[in-house]
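# Structural features, examined
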Amino acid sequence: MEISVELKQRAAGTKPNALRRSGHIPVNLYGHDGDKSLLLTLDAKSVENLIKKARINKTPVEVSIPELSWKGTTVIKEIQTHPWKNFPYHLSFYAVQD
């Protein structure tokens, strides 16, 4: 079973709470280019579907970022959830070197 998601680059200066109100979840991608990280977003519905299918540090996830012409295999490193409402608050992906 292959899992794939399409992330969008987060605009500079965009506040995470404003993203969540608009139906997007903040995402970080680490290891795609050395020690640099990317600030990205994913719509909340896709995050819910992804969490149902993927396991942290185990399931490979194919990620594509059209704005940067980047595509690669990653794993979910961390899922932060709201303490009371239990909905996803933030995701961290780590790129896997092939």
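Rules used throughout
Each chain carries its own residue numbering, running from 1 in the direction its sequence is written. At least 70 in pLDDT is required for a residue's local features to be given in this predicted model, at least 80 for side-chain atom pairs to be given and counted, and no such filter applies to totals for whole chains, interfaces and linings, which use all residues. For the side-chain quantities, the full set of heavy atoms in the structure was used; hydrogens and water were omitted. In this analysis, strands are considered paired if DSSP registers two or more bridges between them. A run of H or I in DSSP becomes a helix once it reaches four residues, and a run of E becomes a strand once it reaches two; helices and strands are each numbered from the N terminus. Here, residues are in contact when the closest pair of their heavy atoms is within 4.5 Å. Between N-to-C directions, angles cover 0 to 180 degrees, with each direction set by a line fitted to C-alpha atoms, over the stretch in contact for helices. Nonpolar core, defined: a set of buried Ala, Val, Leu, Ile, Met, Phe, Trp, Tyr and Cys residues in which side-chain atoms within 4.5 Å join the residues together. Each residue gets one of three labels from its accessible area relative to the maximum for its type: buried under 20%, exposed over 50%, partly exposed in between, using a 1.4 Å probe on protein chains only. Two aromatic rings, drawn from Phe, Tyr or Trp (for Trp, its six-membered ring), form a pair once their centres lie within 6.5 Å of each other, and the interplanar angle then sorts them: stacked below 30 degrees, edge-to-face above 60, tilted otherwise. Any Lys NZ or Arg CZ found within 6 Å of a ring centre and within 35 degrees of that ring's normal is scored as a charge over the ring. UniProt positions are given in the numbering used here, feature names are shortened, and annotations may be inferred rather than shown by experiment.

Here we have seven strands laid out as an open sheet, ordered β1-β5-β6-β7-β3-β4-β2, and mixed in their pairing. Edge positions in the open sheet fall to β1 (3-6) and β2 (8-9), since each of these has one partner strand only. Relative to strand β4 (residues 36-43), β2 runs antiparallel, the two being bridged by two bridges. From the neighbouring strand, Lys8 faces β4, where its bridge partner is Thr41. Those strands touched by helix α2 (residues 44-53) are β1, β3 (24-33), β4, β5 (61-65), β6 (70-81) and β7 (88-95), and its axis lies near 105° from that of β4.

Along the chain, the position of His90 falls in strand β7. Ignoring anything within four residues of it in the chain, the contact list for His90 reads Ile25, Pro26, Val27, Asn28, Glu78, Ile79 and Gln80.

Moving on to the nonpolar core. Core analysis: the largest hydrophobic core is formed by 20 residues, its most contacted members being Leu7, Leu42, Leu50, Val61, Val63, Ile65 and Phe93. Elements supplying a minimum of two residues to this core: β1, β3, β4, α2, β5, β6 and β7. The residues contacting Leu50, other than those within four sequence positions of it, are Ile3, Val5, Leu42, Val61, Ile76, Leu91 and Phe93.

A few words on the side chain of Thr41. The residue Thr41 is located in strand β4 in this model. With a relative accessible area of 6%, Thr41 lands in the buried category. Filtering out sequence-adjacent residues up to four positions away, Thr41 remains in contact with Leu7, Lys8, Arg10, Leu19, His24, Ile25 and Val27.

This next bit is on the environment of Ile79. Mapped onto the secondary structure, Ile79 falls in strand β6. Residues Ile79 and Lys45 lie 34 residues apart in sequence; the distance between their C-alpha atoms is 15 Å. If we skip the residues at most four places from it in the chain, Ile79 touches Ile51, Ile56, His90 and Leu91.

What follows deals with unusual backbone geometry. Even without being a glycine, Asn57 presents a positive backbone phi close to 65°. Locating Asn57 in the fold gives a position in the loop between α2 and β5. Since its relative accessible area comes to 43%, Asn57 is described here as partly exposed.

Let us look at the packing of aromatic side chains. According to the stated counting rule, one finds two aromatic pairs in the structure shown. Across from the ring centre of Tyr89, 3.7 Å away, lies the NZ or CZ of Arg20, which sits over that ring. The positively charged end of Lys77 is found above the aromatic ring belonging to Tyr94, 5.4 Å away from the centroid.

Let us look at the UniProt feature "domain: Large ribosomal subunit protein bL25 L25" (unreviewed entry) in the protein. As recorded in UniProt, the feature "domain: Large ribosomal subunit protein bL25 L25" (unreviewed entry) lies at residues 7-93. Measuring from the first to the last C-alpha atom of residues 7-93 gives 11 Å, for a span that is 18% helix and 49% strand.

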